[in-house]
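# Chain and residue survey
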Amino acid sequence: MIGRLGRYVLGSYPPAFYLPYGVSWAVGVTALFALVDPRLTGWRPDVGVVVAALTFAIDLLLMRALDDIRDLDYDREHNPGRPLPSGAVRVGDLAVLIAVGVVVVLALNAGRGIALVALAVQLGYALLVLAADRLLGWPHGDDVVTGLLVSFPVQILINLYLYAGVLHQTGLGPGWHAVPALLTAATAYLHLEFARKVTRDLRPGERSYVTVWGAERTAVISTVSAVVSVAVALAFVRPWESSPWGWLVVLPLGFVVSGADAFWRRRAVRWPVLPPALFLLSSFVLYLVVALLGKDTG
């Protein structure tokens, strides 16, 4: 089983991409919550952020495994080379991975109060989504919009776990400033979610928002998501009133411009894969940079 799981990780969760992605997400969005909350000065990463980063890396692997189980029937027909449909790993192996992973991340967060509760809710919801799919066949995989609406709370809940970590670290109570931070992170993610499925030429059986909204409209929605993310961040960082370091949050839009140029001006069949990923990754990194350099350190 260990060998099969190793092959699964290399095939479905390549560490060279997912580990930096998970760590930057955990640290960057934690910094974002600290950045937009005026009650916080002098915030710096602590051991809790390290725990959150490790938790995130494992959590993303668990979410990948859950998604692969949900998509097994589809992948058998359209992506037979992936680890699960190819037989390189079994559903039972992934079930063990998920069970052990849940125990590990909950143990890592023992004693972290509300952060532990938030994590447990996120994991429970993700398992509930899998159960609805396996037992009820809902939502149908081809219904991409309903699928997004059902799955998207996982993103919100995992960001709330990071916010709960900030509250645990600082001893503060919840505040409304968490809302713009959640909106910033969520719309940044949505840019990647929509952009990676923008195409003018659907492959046979391909699931894409293009089937609902068309290629042009999906591309516009993706672009608007990125712009909203940056605009909300700017509105609460207010670099024109405080530190000019806050303007750094605008830089990731360069990757959006790059993707838009390829798709609209150069008429690429698909939105390029790399720019949306770099937009999200650089956004996370720059939240941290601005929190460290651009917030009053008291």
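Residues numbered from 1 in each chain as written. Predicted model: local features only at pLDDT ≥ 70, side-chain atom pairs only at ≥ 80, totals over all residues. Heavy atoms only, no water.

Position of Leu-148 relative to the elements: it lies in helix 8 (residues 144-170). In the structure, Leu-148 is positioned 42 residues away from Leu-190 in sequence and 10.0 Å away in space, judged by C-alpha atoms. Ignoring sequence-local partners within four residues, the contact set of Leu-148 consists of Leu-190, Glu-193, Phe-194 and Tyr-209. (Helix = DSSP H or I, 4+ residues; strand = E, 2+ residues; numbered from the N terminus. Contact = heavy atoms within 4.5 Å.)

Turning our attention to a nonpolar patch on the surface. Together, Met-1, Val-96, Val-100 and Val-104 make up an exposed nonpolar region whose accessible area comes to about 310 Å². With respect to the secondary-structure elements, Val-96 resides in helix 6 (residues 91-108). (Patch = residues over 30% accessible without salt bridge, like charges linked within 9 Å, V, L, I, M, F, W, Y side chains within 5 Å. Areas by Shrake-Rupley, 256 points an atom, 1.4 Å probe, with all protein chains shown as cover. Salt bridge = Lys/Arg side-chain N within 4 Å of Asp/Glu carboxyl O.)

Right, let's get into helix 3 (residues 47-70). Residues lying three or four places apart along an α-helix face the same way, a consequence of the helix completing one turn every 3.6 residues. Across its 24 residues, helix 3 extends 35 Å between first and last C-alpha, which sits within 8% of the 34 Å expected from 1.5 Å per residue. The element helix 3 is extensively covered by neighbouring structure, given that 19 of its 24 residues are classed as buried. N-capping of helix 3 is provided by Asp-46, with a side-chain oxygen placed 3.0 Å from the backbone N of Gly-48. (Expected span 1.5 Å × (residues − 1). Buried < 20%, exposed > 50% of the residue type's maximum accessible area, 1.4 Å probe, protein only. Polar contact = N/O pair within 3.5 Å; in protein donor to acceptor, adjacent residues only side chain to side chain.)

Bringing the confidence of the model for the protein chain into the picture now. With 99% of its residues at a pLDDT of 70 or more, the protein chain shows a mean pLDDT of 94. The least confident element of the protein chain, judged by mean pLDDT, is helix 1 (residues 2-12) at 92; the most confident is helix 12 (residues 253-265) at 98. (pLDDT = per-residue confidence, 0-100.)

Moving on to the nonpolar core. Grouped burial of nonpolar side chains is what soluble globular proteins tend to show. Ranked by internal contacts, the top residues of the largest apolar core, which has 80 residues, are Tyr-21, Trp-25, Phe-33, Leu-94 and Leu-162. The residues contacting Leu-94, other than those within four sequence positions of it, are Leu-5, Tyr-8, Ala-65, Ile-69, Leu-84 and Val-89. Formed by 8 residues, the second largest nonpolar core is a distinct cluster that contains Val-198, Ala-219, Phe-263 and Trp-271. (Core = buried A, V, L, I, M, F, W, Y, C linked by side-chain atoms within 4.5 Å.)

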